[in-house]
Amino acid sequence: FYRRALSNGITLYEPFGGICAGLEMCLRNGLQVKQYLYSDTDPVACAVAAHRIRQLQQQHPDQLSPAAVQQTFTLLAADVANVSSEQLLTAVASSQGLPWLIVAGFPCQDLSSAGPSQGLAGGRSQLLFQLVRIVGTLQQLTVPLAYVIENVAFQHHRKQQIAQLDFHQVCSIIGTPVVLDAAAFGSLAHRLRNFWTNLQSPGKLQVTTQQVVRPSGRHVQQVLHSSRIPMPVAGATRAPFYPANSPGSLRTAWPTLMSRPGSYAFRPGQPGSILDLSSTVQPVWTEPTAAEREQAMGYSPGSTQAPGVTEQQRCSLMGQAIDANTAQFLMAVSLAWVQQTASPARKQPYQII
């Protein structure tokens, strides 16, 4: 995969496309995306994706050509359950021998402590098995294939069924994850996530992560207007989260940004809330805006500001997105390990069982 990807470029497929986090990850790390494919059933996400593609083409014209996105939304079905073997065969033929990278943050609501906690029995979690089917089909077609699969760190769920049984079942299918918190990589909000990947062994990635020191001088006030005041830090960050915040210091990381407004950590007076002093009547408690969330998660302000998309829709999409700084780190370190330890031509992808 690496040898061909670095020399010829890749086909990138995002089955739960969202705001194109995988595309930004590849472009930031210098890869040429020769063919970009996207699936998502949410029309708002698709509108934002089209907006993001135009932005990223302007920022990376040598890595993402107009030809690469001609069939982005049409070659594969919007619903991964409807992505057929025939469609994948056509897509592989059109990629003309390019290696494939799949970047997929499958829906987390059923596995998250903040969701209904239905675990793998939930309908949205079942989409993982559609993803595995797609990956397996591409492997049977002998496509040089790498993957990055992301979800919440549900091994820390309060329900034993999810934390133990469901987690072990997922790992028995797609392997051992590396656990990353976005706050470690300079992001302004915690985002503890599992990443399953064959870009590099999870052991090497986890060892490298443990040596990461958060960039200094990063705090949430940097993305806020001077009239918007974050809550002071009342207590030190506890494991398993990266120890970003400490009492008496400026707040360096908000709690995990969610897709729904009014989550507990962002209610008035809670760690994620903001006191807005701009009102001439009285101060108002608010949550981070869409632009503030974008910057907190490593994206440029306006990344989701597509025509016709509301402020709340933008906030919701950010709550479902992969953190940009974490994704950039994951790929950069994977490539660095390969370049230091072995010839890329001899690297063999780990297989999904």
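What counts and what doesn't
- Residues numbered from 1 in each chain as written.
- Predicted model: local features only at pLDDT ≥ 70, side-chain atom pairs only at ≥ 80, totals over all residues.
- Heavy atoms only, no water.
- Pairing = 2+ DSSP bridges.
- Helix = DSSP H or I, 4+ residues; strand = E, 2+ residues; numbered from the N terminus.
- Axes fitted to C-alpha atoms, helices over the stretch in contact; angles between N-to-C directions.
- Buried < 20%, exposed > 50% of the residue type's maximum accessible area, 1.4 Å probe, protein only.
- Core = buried A, V, L, I, M, F, W, Y, C linked by side-chain atoms within 4.5 Å.
- Contact = heavy atoms within 4.5 Å.
- Parallel < 35°, antiparallel > 145°, perpendicular 65-115°, else oblique.
- Left-handed = near helix turned anticlockwise from the far one by under 90°.
- Nonpolar A, V, L, I, M, F, W, Y, C, P; charged D, E, K, R; others polar.
- Expected span 1.5 Å × (residues − 1).
- Phe/Tyr/Trp six-rings, centres within 6.5 Å; stacked < 30°, edge-to-face > 60°.
- Salt bridge = Lys/Arg side-chain N within 4 Å of Asp/Glu carboxyl O.

### Focus: the sheet that holds strand S9 (residues 284-286)
Line of reasoning, step 1. The antiparallel open sheet is built from three strands, whose spatial order is S7-S8-S9. The open sheet has two edge strands, strand S7 (228-230) and S9, and neither has a second partner. Strand-to-strand twist across the sheet, computed as the mean angle between neighbouring axes with direction ignored, equals 30°.
Line of reasoning, step 2. Sheet topology note: the S7/strand S8 (residues 274-276) ladder contains three bridges and is antiparallel. In the strand pairing of S8, Pro230 is matched with Ile274.

### Observations regarding unusual backbone geometry
Line of reasoning, step 1. Cis geometry is found at the peptide bond from Ala239 to Pro240, where omega equals 10°.
Line of reasoning, step 2. Looking at where Pro240 falls in the secondary structure, it is placed in the loop between S7 and S8.
Line of reasoning, step 3. Here Cys20, not a glycine, exhibits a phi torsion of approximately 65°, which is positive.
Line of reasoning, step 4. Following the sequence through the fold, Cys20 ends up in the loop between strand S1 (10-14) and helix H2 (21-28).
Line of reasoning, step 5. By relative accessible area, which is 0% here, Cys20 ends up buried.

### Focus on the nonpolar core
Soluble globular proteins: nonpolar side chains tend toward being buried together.
Line of reasoning, step 1. Formed by 67 residues in total, the largest nonpolar core has its most connected members in Leu23 and Leu101.
Line of reasoning, step 2. The element contributing the most residues to this core is helix H10 (residues 324-341), with eight residues.
Line of reasoning, step 3. Filtering out sequence-adjacent residues up to four positions away, Leu101 remains in contact with Phe1, Ile10, Thr11, Leu12, Tyr13, Met25, Cys26, Ala146, Tyr147, Val148 and Met331.
Line of reasoning, step 4. Listed in part, the 36 residues of the second largest apolar core include Leu37, Val92, Val132 and Leu145.

### Things to note about the packing of helix H4 (residues 85-94) against helix H5 (residues 127-140)
Line of reasoning, step 1. It is at 10 Å that the axes of H4 and H5 come closest, and there the two elements cross at 50°. Considered as vectors, H4 and H5 are oriented oblique to each other. The crossing of H4 and H5 is right-handed. Taken together, the residues of H5 that come into contact with H4 (itself represented by Ser85, Leu88 and Val92) are Ile134, Thr137 and Leu138.
Line of reasoning, step 2. When grouped by side-chain class, the residues that make up the contact of H4 with H5 number four nonpolar, two polar and no charged.

### A word on H5
In an α-helix there are 3.6 residues to a turn, and that puts residues three or four apart on one side.
Line of reasoning, step 1. The end-to-end C-alpha distance of H5, which contains 14 residues, comes to 20 Å, matching closely the 20 Å that a straight helix rising 1.5 Å per residue would cover.
Line of reasoning, step 2. When we look at burial in H5, the residues that qualify are Leu128, Leu131, Val132, Ile134, Val135, Thr137, Leu138 and Gln139.
Line of reasoning, step 3. Contacts made by the buried residues of H5 are with S1, H4, strand S3 (100-105), strand S4 (145-152) and helix H6 (160-174).
Line of reasoning, step 4. One or two residues past the end of H5 sits Thr142, with phi positive at roughly 55°.

### Side note on the packing of aromatic side chains
Line of reasoning, step 1. Counted under the stated rule, the structure contains five aromatic pairs.
Line of reasoning, step 2. Arranged with centres 5.6 Å apart and planes meeting at 80°, the rings of Phe154 and Phe167 form a pair that is edge-to-face. Highlighted residues: Phe154 in the loop between S4 and H6 and Phe167 in helix H6, separated in sequence by 13 residues.
Line of reasoning, step 3. We classify Phe167 as buried; its relative accessible area is 12%.

### Quick notes on the pattern of salt bridges
Line of reasoning, step 1. Taken as a whole, this structure holds nine salt bridges when the rule is applied.
Line of reasoning, step 2. Glu24 serves as the salt-bridge partner of Arg28, at 2.8 Å between the closest nitrogen and oxygen. Within this pair, Arg28 and its partner Glu24 are both found in helix H2, separated by four residues, close to a single helical turn.
Line of reasoning, step 3. A residue is classified by how much of its surface remains accessible, and Arg28, at 26% relative accessible area, is partly exposed.
Line of reasoning, step 4. What you see here is one network of salt bridges that share partners, running through Glu24, Arg28 and Arg52.

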